[in-house]
Amino acid sequence: MNKIKDIIKYTLPFILMAALLYFAFKDVDIKTTINWLSKTSIPYLILFIISSFLSHYIRAVRWKYIISSIKPDVSVMHLFGATMIGYGVNSLVPRLGEVYRALFLGKWEGISRTSMFGTVIVERIIDIIALGISVLISVLIYNGDLYEIIPWLKSTVNLGFIIMLGLVVFLILLIKLKSKLSNLIIQLIGNISHKAAHKLNAVFETLLEGFATLRGTKNSLMTFIFTVLIMLNYGFSSYIAFYMINMNEITIITFSMAWIVMTISAFGIVIPTPGGTGSYHFINIFVLTIIYGVTQEIAAAYALLTHFITFVLFVSSPFFVLIYINYERKRNGLQPENFLSVIKSTGKNE
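**Digging into the side chain of R62**
Then, in step 1: Within the element layout of this structure, R62 appears in helix α3 (residues 42–66).
Then, in step 2: The class of R62 is buried, set by a relative accessible area of 0%.
Then, in step 3: Polar contacts involving the side chain of R62 include one to the side chain of D127, which spans 3.0 Å.
Then, in step 4: Not counting chain neighbours up to four residues away, the residues in contact with R62 comprise E123, I126, D127, T223, F226, T227 and I230.

Here it is, written out as structure tokens:
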């Protein structure tokens, strides 16, 4: 039974990816799309790559403020390296990158892996809230009714905010009441399944350690500021990408257009397909054609190019990061780490 569950767990994302790729490109004239891709602007392509790396560097600096209460002098290079490794692994196996991101930083900095898992969860909660707010901004700045054009958007946003509000309230209660609330829930679950209660207890401990790191007004304020910078830079990358495929030749390009495409298309990254492949393309093409009347061929060129560049950067970056950091570790007399060694537990890194 467990083997069947594992097979479904690991094959379902790829089946979903294939299905979404089919529906995204089934009506696209590939020759026309290739023609648009052949005219890609190299200067804007370079600028797009720089902007992409900048987003991840800002994310690494934000992570530094989140965990500063644990270790104020954590290396930004280690944070950036772990971030890129996480994205690289996620591009191949959805959500596994979050695990490796925490493991590598924990090993490199000698920090509890439970705390690192907790901070990764904190980051993801912040990102989801930021995405929800960004979508609401898109609704406000669009010259029309986005909810009418995209029927599923309103229900998705409302459901997302209800879930996030419930989660935030639960976390606040968990932090304030700590052992009382967690013990009560674990006791109730334990009456049904001791194994489930044990796993739930580990989750509570991880969440508590993660949120405990975000202490102090300065850290909270800087986390907020860098979250805003991340979203603005994502919008800027989307804006650059329009010029990268010369979309300005057929329509007027504005930052609000880039912001709306970026925020709605982000739902494609949330869907658990490898690296957002298929889901990103499907939603991106849908947004550009339905909202802005762009042809499917140009929309496909935009989706293909932006995703391909991002995918290549994500998959290749971890190797360069590991080579550089392991070189520095050897110079300092430390043990180099790899994807197998970071899994091995040590007393310090539990």
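**A word on helix α4 (residues 76–90)**
Then, in step 1: In this model α4 runs 21 Å from its N-terminal to its C-terminal C-alpha over 15 residues, within 8% of the 21 Å that 1.5 Å per residue would give.
Then, in step 2: The element α4 is extensively covered by neighbouring structure, given that 13 of its 15 residues are classed as buried.

**Description of the packing of α3 against helix α15 (residues 296–331)**
The relative placement of two packed helices comes down to the angle between their axes together with the axis-to-axis distance.
Then, in step 1: Between α3 and α15, the shortest axis-to-axis distance is 11 Å and the interhelical angle comes to 55°. Considered as vectors, α3 and α15 are oriented oblique to each other. Along this stretch, α3 crosses α15, giving a crossing that reads as right-handed. Every residue of α15 that contacts α3 at L45, F48, I49, S52, F53 and H56 is listed here: T306, I309, T310, L313, F314 and S317.
Then, in step 2: Grouping the constituent residues of the contact of α3 with α15 by class yields seven nonpolar, five polar and no charged.

**Focus on the pattern of salt bridges**
Then, in step 1: Inspection of every chain in the model, using the stated rule, returns eleven salt bridges.
Then, in step 2: E123 serves as the salt-bridge partner of R62, at 3.1 Å between the closest nitrogen and oxygen. Separated by 61 residues along the polypeptide, R62 in helix α3 and E123 in helix α6 (residues 113–141) bring together distant segments of the chain.
Then, in step 3: The partner of R329 in a salt bridge is E337, with the nearest N and O atoms 3.8 Å apart.
Then, in step 4: Connected via shared salt-bridge partners are R59, R62, E98, R101, E123, R124 and D127.

**Points about the packing of aromatic side chains**
Then, in step 1: A full pass over the atoms with the stated rule returns 16 aromatic pairs.
Then, in step 2: Consider the rings of Y239 and Y243, whose centres lie 5.3 Å apart with planes at 65°: the pair is edge-to-face. With a gap of four residues between them, Y239 and Y243 both fall in helix α11 (residues 217–244), about one helical turn apart.
Then, in step 3: Classification of Y239 as partly exposed rests on a relative accessible area of 23%.
Then, in step 4: For Y243, a relative accessible area of 19% translates into the label buried.
Then, in step 5: Grouping aromatic residues by their ring pairs yields a cluster made of Y44, Y239, Y243, F255 and W259.
Then, in step 6: The aromatic ring of W36 is capped on one face by K39, whose charged end is 4.4 Å from the ring centroid.
Then, in step 7: Above the plane of the ring of W63 lies R101, whose end atom (NZ or CZ) is 4.6 Å from the centre.

What counts, and where the lines are drawn
Residues numbered from 1 in each chain as written. Predicted model: local features only at pLDDT ≥ 70, side-chain atom pairs only at ≥ 80, totals over all residues. Heavy atoms only, no water. Helix = DSSP H or I, 4+ residues; strand = E, 2+ residues; numbered from the N terminus. Buried < 20%, exposed > 50% of the residue type's maximum accessible area, 1.4 Å probe, protein only. Polar contact = N/O pair within 3.5 Å; in protein donor to acceptor, adjacent residues only side chain to side chain. Contact = heavy atoms within 4.5 Å. Expected span 1.5 Å × (residues − 1). Axes fitted to C-alpha atoms, helices over the stretch in contact; angles between N-to-C directions. Parallel < 35°, antiparallel > 145°, perpendicular 65-115°, else oblique. Left-handed = near helix turned anticlockwise from the far one by under 90°. Nonpolar A, V, L, I, M, F, W, Y, C, P; charged D, E, K, R; others polar. Salt bridge = Lys/Arg side-chain N within 4 Å of Asp/Glu carboxyl O. Phe/Tyr/Trp six-rings, centres within 6.5 Å; stacked < 30°, edge-to-face > 60°. Lys NZ or Arg CZ within 6 Å of the ring centre and 35° of its normal.

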